[in-house]
Amino acid sequence: MGGRAAEESGRSRKVVNLSVRRKRLKTKEKWLVVVGVALHAVYMLSIFDIYFKSPIVHGMDLVSPRFASPAKRLVLLVADGLRADKFFESDASGNFRAPFLRSVIKERGRWGVSHARPPTESRPGHVAIIAGFYEDPSAVTKGWKANPVEFDSVFNRSRHTFSYGSPDIVPIFCAQLPHATWNSYSPDFEDFATDASFLDEWSFDQFQGLMNRSKEDPKLKELLLQDNLVVFLHLLGCDSNGHAHRPFSSIYLNNVAVVDSIAERVYNLLEDYYRDNRTAYIFTADHGMHDKGSHGDGHPTNTDTPLVVWGAGVKHPKPISSSSHGDGHSDCGTRFVDDHMHDTPTPKEWGLHGIERVDVNQADITPLMSTLLGLPGPVNSVGSLPLDYIDMNKTDEVEAVLANTKQVLNQFVWKSHTKEATSLFFKPFKPLAHYSSLLDQIEDQISNGDYEAARKLSENLRDLALQGLHYFQTYDWLMLMTVQLSGCLFLGFLSMILFIEQSPPLYHAYTTMTVFLWTQISSEYRFIKALWRQLSGRKINYFSKVLAACAVAVFILEYLVNSFTERKLYTWCFLTVGAIAFIYLFKSIPWRSGIPFFVCGACWFLSVFTLMPAEIPDNNNLVIWSGVMIIMVGAAGRFLDQHTEGNKFWLSICNSDAKKPKFPMLFQLQALLVGLSSVMVSISTSHRTQNQELHVWHQFINWSIVGPSMVLPLFSANGLLSRLTSIFLGFAPTFLLLSIGYEAVFYSAFALVLMAWILFENTLIYSSKVKRLSSSFNNMEDNSLVDGRYLQLSDVRIPLTFPFLMAALLIFKLFIPFLLVICVFSAITKLNRLPRLGCYFLVILFSDVMTMHFFFLVQNTGSWMEIGNSISHFGIVSAQVVFVLLLFALTNVYTKDIHIGSVEGSSRKAIFSSGLESANFVLTSDPVHQAWNAIEKQKQINPNAEPSLFDEIQPENPTIIAFGTPPSSLSGQEDLVSSSSLKEDNFAHFEFLCNKTNPNFSLNPAAIQLFKSHYHELLQLKEKLVENSKSKTPSLVIITGQSVGGSVATLFTLWLLQGLNLSKVKRPLCVTFGSPLVGDEQLRQCVLKFSTWKSCFLHIVSNQDPTPQLFISRKPGVYKPFGTFLLCSALGCACFEDPDIILEQLVKANSQNQECHYGNILSDLQCKATCTFSKSIEAKFDSSLQASLITQLQAIGILSQQQPSKEIDSLIVRMKKHETKLLIQKKKNSDSDKKLNEMKVHMAFLEWYKKESRQPKIGGYYDRYRNQGNISDVNVNEFKKKLMNYWEDSVTEVENKPQIEGAHFRVRWLWAGTNYRRMVEPLNIADYYKDGGKNYKTEGKRPKHFILLEEWLTGVVKPEATPSKSKRESVGASLNEDSCFWAQVEEARILCNLVKNGSVDEKERALQELKNFEAYVYGSLKNYALSPEIFLEKSSFMQWLKEYKGVVEQPYSSLLLDFMKERNDQAYKEGTFNFP
């Protein structure tokens, strides 16, 4: 017997230790996932610090030119989206499209091609032209219409700038410029359906109007006669026409002639105005236009733009000489920013091969403009002055180049000094270490008249400065990439360096994450040591296998990386895999089998799809036949599952012992839904081709197919093949309904490959390539920490196959196949008895290897699409740590109960014991022991004197208030006193607990009498605690007491909770020891109305203490507990919350009339193992929940193992019901905010419906809904019902809450409820009057929740005396403030009919009410409280107005009729009408 007991005790300790180890491992795994998510998130941000850091710096000095300005003013004409070839070439008849600018090129100016740098978008192009620098890479996070940073421009340096054009471009440069006159047209003008050349004419008309006004405006004329003026006309027509009609269209080509005409008119206008030949002109474009009507990338059609310069300070045309290239280019030695070859001859089609062509980088136009005007160059410009355009003498020419050089050099010097000032180990740019001596040398050469040498040296210095700027732009790359990729413990030192260098916070985050990661790895020294011992004992062959596996893994991962841009690689991959799998399976399966042929065929079939076009063509027949194919695949899977019994090979995946489906006809139902979805696809396609709207029944059938089909797999048998087949059929209808072509066939092909994967893994298991687990209980215990077995080297194939398939699916961008992959992946981990979380970590490891590759492929140059793709590839692979985790959680719903056959033995389920776990937590928590220690100290304060009711034992951290036990007897104190009686005695301090449902409750007289007798002291204590809670760092408050002192402590805690702002402070904790109950069922219900208060009360009761059951035994069924009860016995303890079970167990407790010392009880229980249970109970009750509940009852001494089965069953049933009720309540509480968000979606649909109804012929959304003439009106009715049901329940819940809780609710949700009322009540009114109703407001027909929402709003928001500016401006999109406005309109129309047909008295009364309504409408309009929608021609209000004019005596005048007569509704809609 002794040996058996010792063996049993050892087994018990082993179970407990195993449970602790399992908990620790689970906790560590969860934290590992959380840390992994955070680490990947931080490292994803690193690319923005490495690749997308703004090159712009501020604080440089301007470089004033030392030469006279060639021009007094400059005109910049930018034809947005104009291609160079379309501008220069002739049309089909041989005529050139830009005759004026061609004459300029041939007679009085210079020309060339301006090369733009990708991204070739409008904002980057204009910034390059006007400010001189290329796209700020940090703009990738903001889009092309916003300015990431402030920058300098030629416009800033000018005396005044006149600018007209697009609202997307002109405000970028002029909105914040004080010395600018500008205007832009409305965005509504940009209509891609029409010829957009009128936009160019608009810009010219604005400028021409300015010049004409100057003849009558002396100040304007004086301004126009000043120096250093810039005129900028943005001509958007070519860009808009190119997008809409393509650059080969006649509209686009005709627009070229329009911009040429505008250039000619601008030139003639200014020359006639000034007549001084001091105006310079530049004509260019920001980017070109691809043949497809797009731009953004680096294609020559996008980067090559025309450049024509003429006027003051510009050289005249130069014929091609022997010193020039034969291709007509100027020998400027410039490498252009678009990296295309530009040494080809000028096309003959251009007709300009005899005139020298001077190509420039787009940013070079900025220094060209600055030089022509004699202005300092913009401080951020990186452009190089094109001397071949400037007509200056040698001295001024050198000075201009030197000014350009100094301006670029200033940026370099500033960046160099800034980096040197914040770096401990600064590494300068060596070629410019002595730049000052080079400047001195240039100055000496100028002084000596050696202008050619000075010019060349200046240009060389400028080139070096540009290289230096790039050097400092990428200065931190090496450090950041090192942190990103390697990292080590020594990087802690690097963090100190970053702090000293004042680096950005994210730099610290990168190093901190890396240091933390490697510190955590190093902290697992025991594991590392054990791993080293394990590896050191291996033979060399093992390491060869590891290296080979790593090499294969890296090869596959690199293959995947390249497949992101070349998806045809998957074709070769599946062809190869199919062949290798065929050979391997053919040798591994000892009998004749078609499995090798099936696996090979499936892989080869799938390989076809990556050869197909990415843009899927429509093929309705293919989608329909795909449905037939899906049914055939499902039927094959079902046949295989049912006809392989007795074959050991299929035993694992075709488990005949698994749980049978709940619906015998499940497969037939799923097949029917797949076939039905194919039919619906055919009908949908026919409607789409005929441009017909889908019928309501059609949409209903589609949704009826989609919803149930994805739920049905949950009711299938839990065998591996049967469940996966059901999942395949379950998602097929949704996939088919969303398909348009060959991707429908892909679904079946992909499923076949997944089945092939399962068969391959099953073959490995069957042929003993992977060791099987022992099914004995002892082995199960040893390996239970990993749910099966440990990972082995051969298991790497599974997670490697997983990202392979995941990456393949990224090409197709399909979500449903993702779910199939994860389901199969989960099934295979079950099949191989692998820990799924361990495989998940391996997936993330392999994804991180791919991430490192994509890290180096991130681009910060090129088109937005190229930049975005590089970021998205990096982000997608990095985000797999989160994305895969979410998919695991989602698919776990379908795969968690899959049963794998041929596994002998049992799998015990862990005990579910929330009560025991809660008890353990309570016993080990500090507040409980602190509370009891406080009671002990309170007894010792004045041992000889009469004890006080309470004492503040500890003033802070935490604050502890201990209530003592007065010597008075509790005998005869069992009767209750009602709250109404207390209120009559002027003691209403607990009335705040009352609510509509429970207006009254009762309390124990002994507790309440003690409370009343010490009221003033308690009030001072409450005020002190409330005041302390308002401090910056309020401490936790613990209120405790024993016996009746605990009852008073409970009442005081309730009173204190009423005075605290629980949204800002910690809730107090009330801990009582052996205290009697304080109130009845109504009190408990009142406390439960405060959703967070119940958790503030912990009552500790021993079965040896008679006090807690004192009132229960004398007044059975009257007293009811609330809060959490920790019931204790000599055997253990457990927590309970169900009041009925608590009462029953208190009555059953074998308490004796003796003093109970809770300090000793807590100490004893803390040493006991409370999670053990007897084998007899486990054997008797197979439910883990049932066994755990019995264990709880045994722990508190209520039950013994010998008790009758019926009594146990009855008690367990009630406890189970309570647990279920708690789960339902928790779910209900957590779903409230989610439900509100769903209602917001419904409201968004109504907002769309309202916007779509804002048409004169419809009359607005009220009348549209009232007439019910469209299918969307039916949808609106459904949304209206859902919204009304939701808000009726919510308002009723608020109304029933206590005053404090309800008020908090109202403030939080009031505005959402107000918006709902103003939107939905008019629809309810429409239904009411459509059915012939009358007197909506006065006869109680209005729903109560609308009335309450309106009353609550009135109590919070005070009406405005006059409408605010924002209210006037937003009235066009507003709702009627009075949600019953349309009810009053309906009543007014009824009154009009009464005036026509009623008696004399009825007519007189009706006319008076109509005039009252008229005054109400005018008052609402005056307050801008009505939506302009009421003025729509077909609205009920306008119909009433016509009827009203017909029934009142004429002539009749009123404020409302005068307002409507003068047609002021448009001014009202714009918010500009001023009421008298």
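Keep in mind that what you see is a predicted model, and the values were worked out from it rather than measured.

### Things to note about the pairing of strand S15 (residues 1097-1102)
- In terms of burial, S15 is a largely internal element, six of the six residues being buried.
- Neither face of S15 is open: one carries Phe-1097, His-1099 and Val-1101, the other Leu-1098, Ile-1100 and Ser-1102, and all of them are buried.
- Here four bridges tie strand S14 (residues 1069-1073) to S15, and the two strands are oriented parallel to one another. Across the sheet, Phe-1073 pairs through a bridge with Ile-1100, a residue of S15.
- Two strands pair when backbone bridges link them, and S15 and strand S16 (residues 1124-1128) are joined in this way by five bridges, in the parallel orientation. Counterpart to His-1099 in the pairing with S16 is Phe-1125.

### Comments concerning the environment of Asn-1393
- Note that Asn-1393 resides in helix H53 (residues 1381-1397).
- It is 9.4 Å that separates the C-alpha atoms of Asn-1393 and Tyr-1444, two residues lying 51 residues apart in sequence.

### What to know about empty space enclosed by the protein
- On inspection of all chains with the given rule, the structure shows 14 cavities of 30 Å³ or more.
- Reported here for the largest cavity is a volume of approximately 140 Å³.
- In terms of lining residues, the largest cavity is bounded by 16 residues, among which Ser-370, Leu-375, Gly-377, Ala-403 and Asn-404 are the most central.
- Secondary structure elements with two or more residues in the lining of the largest cavity: helix H12 (365-373) and helix H13 (394-421).
- At four residues, H13 tops the list of elements feeding residues into the lining of the largest cavity.
- The residue inventory of the lining of the largest cavity, partitioned by class, reads 10 nonpolar, six polar and no charged.

### Some remarks on the pairing of S16
- Among the five residues that make up S16, five are buried, leaving the element largely enclosed by the rest of the structure.
- Burial along S16 is two-sided: the residues Thr-1124, Leu-1126 and Cys-1128 and Phe-1125 and Leu-1127 are all buried.
- Summarising the sheet, S16 and strand S17 (residues 1133-1136) pair through four bridges and their orientation is antiparallel. Bridging across to S17, Leu-1126 finds its partner in Cys-1135.
- Between the antiparallel neighbours S16 and S17 lie four residues.

### Let's talk about a nonpolar patch on the surface
- On the surface, Trp-625, Val-628 and Met-632 cluster together into a nonpolar patch covering about 370 Å² of accessible area.
- When you line up the elements, Val-628 lands in helix H23 (residues 620-642).

### What about unusual backbone geometry?
- The backbone of Arg-246 shows a phi angle near 75°, a positive value even though the residue is not glycine.
- Among the structural elements, Arg-246 can be located in the loop between helix H9 (237-245) and helix H10 (250-274).
- Phi angles above zero are rare outside glycine, and Ser-1043 is one such case at about 60°.
- The residue Ser-1043 is located in the loop between strand S13 (1037-1042) and helix H39 (1044-1059) in this model.

### Some thoughts on the packing of aromatic side chains
- On inspection of all chains with the given rule, the structure shows 57 aromatic pairs.
- The ring of Tyr-274 carries the charged tip of Arg-73 above its face, separated from the ring centre by 3.5 Å.
- One Lys or Arg, Arg-265, reaches over the ring of Phe-204 and ends 4.8 Å from the middle of that ring.

### Focus on the pattern of salt bridges
- Considering all chains together, one arrives at 30 salt bridges under this definition.
- Here Arg-110 ties to Glu-356 by a salt bridge, and the two come within 2.4 Å at their closest N and O atoms. Highlighted residues: Arg-110 in strand S2 (residues 109-115) and Glu-356 in the loop between strand S7 (304-311) and strand S8 (360-361), separated in sequence by 246 residues.
- By relative accessible area, which is 3% here, Arg-110 ends up buried.
- Lys-406 is paired through a salt bridge with Glu-443; the nearest N and O atoms lie 3.4 Å apart.

### As for the side chain of Asp-359
- Within the secondary structure, Asp-359 sits in the loop between S7 and S8.
- The exposure class assigned to Asp-359 is buried, which follows from its relative accessible area of 5%.
- In terms of polar contacts, Asp-359 uses its side chain to reach the backbone amide nitrogen of Val-113, at 2.9 Å.
- Among the polar contacts made by the side chain of Asp-359, one reaches the side chain of Arg-357 at a distance of 2.8 Å.

### Considerations on the nonpolar core
- Ranked by size, the top nonpolar core spans 66 residues in total, and within it Leu-1421, Phe-1437 and Trp-1440 carry the most contacts.
- In contact with Leu-1421, other than residues within four places in its own chain, are Leu-1426, Ile-1430, Phe-1431, Leu-1456, Phe-1459, Tyr-1468 and Phe-1475.

### Here's the deal with helix H7 (residues 197-214)
- Taking 1.5 Å per residue, 18 residues should reach 26 Å; H7 reaches 27 Å between its end C-alpha atoms and fits that length.
- Taken together, the buried residues of H7 touch strand S3 (160-165), strand S4 (180-184), helix H8 (218-224), strand S5 (229-235), H9 and H10.

### Remarks on the packing of helix H37 (residues 1005-1013) against helix H38 (residues 1015-1029)
- Relative to each other, H37 and H38 sit at 75°, their axes nearing to 5 Å. The orientation of H37 with respect to H38, classified from their angle, is roughly perpendicular. Of the residues in H38, those in contact with Phe-1011, Lys-1012 and Ser-1013 of H37 are Tyr-1015, Glu-1017 and Leu-1018.
- Residues that form the contact of H37 with H38 fall into these classes: three nonpolar, one polar and two charged.

### Structural notes on the sheet that holds S13
- The strand order S9-S10-S13-S14-S15-S16-S17 describes an open sheet built from seven strands, whose pairing is mixed. The two strands at the open ends of the sheet, each matched to only one other strand, are strand S9 (950-954) and S17. Taken pair by pair, the neighbouring strands of this sheet meet at an average axis angle of 20°, ignoring direction.
- Bridge analysis of strand S10 (residues 959-963) against S13 gives five bridges, and the strand direction is parallel. Within S13, the residue paired with Phe-963 across the bridge is Gly-1041.
- Sheet strands touched by helix H35 (residues 926-941): S9, S10, S13, S14 and S15. Its angle to S13, the strand with the most contacts, is close to 60°.
- Packed onto the sheet, H38 meets S9, S10 and S13 and runs at close to 30° relative to S9.

### Things to note about the environment of Asn-241
- For Asn-241, the location among the structural elements is in helix H9.
- Residues Asn-241 and Asn-255 lie 14 residues apart in sequence; the distance between their C-alpha atoms is 8.0 Å.

### Details of the sheet that holds S4
- Strands sit in the order S4-S3-S5-S1-S6-S7-S2-S8 across an open sheet of eight strands; the sheet is mixed. The open sheet has two free edges, formed respectively by S4 and S8, since each of these has just one partner strand.
- Where S3 meets S5, five bridges bridge the pair, whose relative direction is parallel. Counterpart to His-160 in the pairing with S5 is Leu-229.
- Together, S3, S4 and S5 form the strand contacts of H7, whose direction differs from that of S3 by roughly 145°.
- Running at roughly 175° to strand S6 (residues 279-284), H10 makes contact with strand S1 (73-79), S5, S6 and S7 of the sheet.

### Details of the packing of helix H4 (residues 122-131) against H12
- Where H4 contacts H12, the two axes come as close as 5 Å, and the packing angle between them is 35°. Between H4, through Ala-128, Ile-129, Ile-130 and Ala-131, and H12, the contact on the second element is made entirely by Ile-365, Thr-366 and Met-369.
- In terms of residue class, the contact of H4 with H12 is made up of six nonpolar, one polar and no charged.

### Let's talk about the state of the cysteines
- For the coordinates displayed, the defined rule picks out zero disulfides.
- Here Cys-1070 is not disulfide-linked; the sulfur of Cys-1096 is the nearest cysteine sulfur, at 9.0 Å.
- Judged by its relative accessible area of 0%, Cys-1070 falls in the buried class.

Parameters and conventions
- Residues numbered from 1 in each chain as written.
- Predicted model: local features only at pLDDT ≥ 70, side-chain atom pairs only at ≥ 80, totals over all residues.
- Heavy atoms only, no water.
- Buried < 20%, exposed > 50% of the residue type's maximum accessible area, 1.4 Å probe, protein only.
- Helix = DSSP H or I, 4+ residues; strand = E, 2+ residues; numbered from the N terminus.
- Pairing = 2+ DSSP bridges.
- 1 Å grid on protein atoms, 1.4 Å probe; cavity = no way out; pocket = protein on both sides within 12 Å on 5 of 7 lines; lining within 4 Å.
- Points joined across faces, edges and corners; volume = space filled by probe spheres on them.
- Nonpolar A, V, L, I, M, F, W, Y, C, P; charged D, E, K, R; others polar.
- Patch = residues over 30% accessible without salt bridge, like charges linked within 9 Å, V, L, I, M, F, W, Y side chains within 5 Å.
- Areas by Shrake-Rupley, 256 points an atom, 1.4 Å probe, with all protein chains shown as cover.
- Salt bridge = Lys/Arg side-chain N within 4 Å of Asp/Glu carboxyl O.
- Phe/Tyr/Trp six-rings, centres within 6.5 Å; stacked < 30°, edge-to-face > 60°.
- Lys NZ or Arg CZ within 6 Å of the ring centre and 35° of its normal.
- Polar contact = N/O pair within 3.5 Å; in protein donor to acceptor, adjacent residues only side chain to side chain.
- Core = buried A, V, L, I, M, F, W, Y, C linked by side-chain atoms within 4.5 Å.
- Contact = heavy atoms within 4.5 Å.
- Expected span 1.5 Å × (residues − 1).
- Axes fitted to C-alpha atoms, helices over the stretch in contact; angles between N-to-C directions.
- Parallel < 35°, antiparallel > 145°, perpendicular 65-115°, else oblique.
- Disulfide = S-S within 2.5 Å.

Interpretation in functional terms is not warranted from these geometric data alone.
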